[in-house]
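# Geometric and topological summary
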Amino acid sequence: MDKLIIEGGVKLKGEVTVSGAKNSVLPILAATLLTDDACVIKGVPDLRDSNTMLKILRSLGKSVEAEGGVATIAAGKNKGFVADYKLVSTMRASFCVLGPLLGRFKKAKVSLPGGCIIGVRPVDLHLKGIKALGAAISIEGGYVLAKAPRLKGSHMYLGGVYGSSVLATDNVMMAAVLASGRTVIESAACEPEVVDLAEFLNKMGAKIKGHGTPIIEIEGVKHLHGATHTIIPDRIEAGTLMIAALITRGDILIKNAFPAHLGAVIDKLQEAGASIVKAENWLRVTYKKRLKPINITTLPYPGFPTDMQAQMMSLMTVTTGISVITEKIYPDRFMHVAELNRMGAYIQREGPHAIVNGVKSLSGAPVMASDLRASASLVLAGLVAHGDTAISRIYHLERGYENIEEKLEKLGARTRREKE
Ligand code: UD1
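Summary of the structure given here. (Residues numbered from 1 in each chain as written. Predicted model: local features only at pLDDT ≥ 70, side-chain atom pairs only at ≥ 80, totals over all residues. Heavy atoms only, no water.)

Take the nonpolar core next. Counting 71 residues, the largest nonpolar core has V97 and L201 as the members making the most contacts within it. If you look at the next biggest cluster of nonpolar residues, it comprises 68 residues, including V285, Y287, A365 and I391. (Core = buried A, V, L, I, M, F, W, Y, C linked by side-chain atoms within 4.5 Å. Buried < 20%, exposed > 50% of the residue type's maximum accessible area, 1.4 Å probe, protein only.)

Our focus in this paragraph is a positive patch on the surface. Residues K11, K13, R249, R290 and K360 make up a contiguous surface patch of positive charge. Residue placement: K360 occurs in the loop between β21 (353-358) and β22 (366-368). A relative accessible area of 85% places K360 in the exposed class. (Patch = residues over 30% accessible without salt bridge, like charges linked within 9 Å, V, L, I, M, F, W, Y side chains within 5 Å. Areas by Shrake-Rupley, 256 points an atom, 1.4 Å probe, with all protein chains shown as cover. Salt bridge = Lys/Arg side-chain N within 4 Å of Asp/Glu carboxyl O. Lys, Arg positive; Asp, Glu negative; His and termini not counted. Charge placed at Lys NZ, Arg CZ, Asp CG, Glu CD. Helix = DSSP H or I, 4+ residues; strand = E, 2+ residues; numbered from the N terminus.)

As a matter of local geometry, the ligand sits amid 19 residues, with D124, L125, S165, D307 and I329 nearest to it. Between the ligand and L125 there is a distance of 2.7 Å, counted from an oxygen atom to a backbone nitrogen or oxygen. A distance of 2.9 Å separates an oxygen atom of the ligand from a polar atom in the side chain of Y330. Look at the ligand: alone it shows 730 Å² of surface, and the protein chains cover 92% of it. The set of elements that each furnish at least two residues to the shell around the ligand consists of α5 (124-132) and α6 (166-176). By residue number, the principal contributor to the shell around the ligand is α5, which donates three residues. Counting the residues that make up the shell around the ligand, at least three belong to each of domain 1 (2-19 + 233-419) and domain 2 (22-230). (Near = heavy atom within 4 Å. Polar contact = N/O pair within 3.5 Å; in protein donor to acceptor, adjacent residues only side chain to side chain. Domains from an automatic or database assignment.)

Next up on the list: the packing of helix α1 (residues 22-31) against helix α2 (residues 48-59). Two quantities define a packed helix pair, namely the angle between the axes and the distance from one axis to the other. Direction vectors running N to C along α1 and α2 enclose 5°, while the axes themselves pass 10 Å from each other. The angle between the axes of α1 and α2 places the two elements in the roughly parallel class. Contact residues: α1 offers K22, V25, L26, L29 and A30, while α2 offers D49, S50, M53, L54 and L57. (Axes fitted to C-alpha atoms, helices over the stretch in contact; angles between N-to-C directions. Parallel < 35°, antiparallel > 145°, perpendicular 65-115°, else oblique. Contact = heavy atoms within 4.5 Å.)

Looking now at the packing of aromatic side chains. A full pass over the atoms with the stated rule returns zero aromatic pairs. Against the face of Y143 rests K109, its NZ or CZ located 4.9 Å from the ring centre. (Phe/Tyr/Trp six-rings, centres within 6.5 Å; stacked < 30°, edge-to-face > 60°. Lys NZ or Arg CZ within 6 Å of the ring centre and 35° of its normal.)

Backbone hydrogen bonds are what pair the strands of a sheet, in a parallel or an antiparallel way. Taken together, the four strands give an open sheet; going across it, the order is β18-β19-β21-β20, and neighbouring strands pair in mixed fashion. Each edge of the sheet is formed by a strand with only one pairing partner; in this case those strands are β18 (296-297) and β20 (347-350). Across six bridges, the pairing between strand β19 (residues 321-326) and β21 is antiparallel. By the bridge assignment, T326 is partnered in β21 with H353. (Pairing = 2+ DSSP bridges.)

We now examine the pairing of strand β11 (residues 182-186). With three bridges connecting them, strand β10 (residues 155-157) and β11 associate as parallel partners. Bridge assignment links M156 to a residue of β11, and that residue is I185. For the crossover that starts at β10, traverses α6 and ends in the parallel β11, the hand is right-handed. (Right-handed = clockwise from strand over helix to strand, strands pointing away.)

In structure tokens form, the structure reads like this:
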């Protein structure tokens, strides 16, 4: 295992290009299971998670070629409908092969993903939606077995205790496109990645309307064909780079970023005092004056994304004053708090709230990455800390940030890898 060493204290300056969105590419790759025709997906980020999904497609009998950010998925020699525990357990998003397998083969056997460090993360909403389409579901040996001789469109409400679910909406949408009749999903997730998936499915011949709103309508079709699609830019990578500019008091032009997908993040950073210039597909973030503390509450899109909570917390650790961060999607997503405190931050956790008392400076320390976004928050803290920060278990970062070290180095950061 590698650890990443960051020598803090450099103002990041220059241009950087954001990669394709992790949360778009995973369900879109899964959607290629809905056809035997070839599909060409462009802008595929070279991430541990995208590679896991490609492995799952191969294990399900697809022929996969991937090079230079372009993946071509076509029918292989065999067809499988069993998604194995070994692969699904390494990445929760693999569970979204359930919908397309069921839609296409009328049966699917997919391992339950289990919990993860940021909480329990149930799949009840996925199963509720799939059942509403007429599938019989049973759980045997840690696997979900779904069967439906005929999937039938239905009207369903898919909201949960914490609001809408991104992957449950994706899963149900992918099963419903080949069901007979009309499906209406109420309380559907509105995230840009759900919209990207719906647009890809429509290119394949599906009839989906209302994506991007809480009510999605799907008119089932008999079959889908191949399509070519380019993945949208990763809004969380863009947001993380925006914070890198501010925390280091630098100036970064972020290309291939859609400010339209970053409304809540831009609003909060402007409230803190950031200077942000934006166009349709780029952003420039400049530190011009001392930042002010801000309060944030994570919510489903278009609210402030939970995937930006840890990074925002890092920024607030060095912003004088008190900020309150409330986590409403994953109340236990605070593994980064103790690690940031090891670097001299002053954060107290009170249930779903973290109270951050901004300090003058952080000091580099050995810290441990616990999940993807927590590792991003430690990288950001390391960029501003005095001395060296050694982040162990850095493989978490590779799940969601393509070439992040090269990108940061091009902006002036001093990083290096060492074996643990
Ligand atoms: C997706 C994103 C993840 C992001 C999350 C919330 C992908 C690959 N991952 O994950 O990066 O942090 O959205 O924006 O797109 N829930 C239930 N029952 C369910 C499903 C979810 O109660 O069946 C709960 C979850 O525990 C959580 C909330 O709903 O509290 C939202 O989770 P969800 O949107 O489903 O997250 P994912 O789709 O797994």
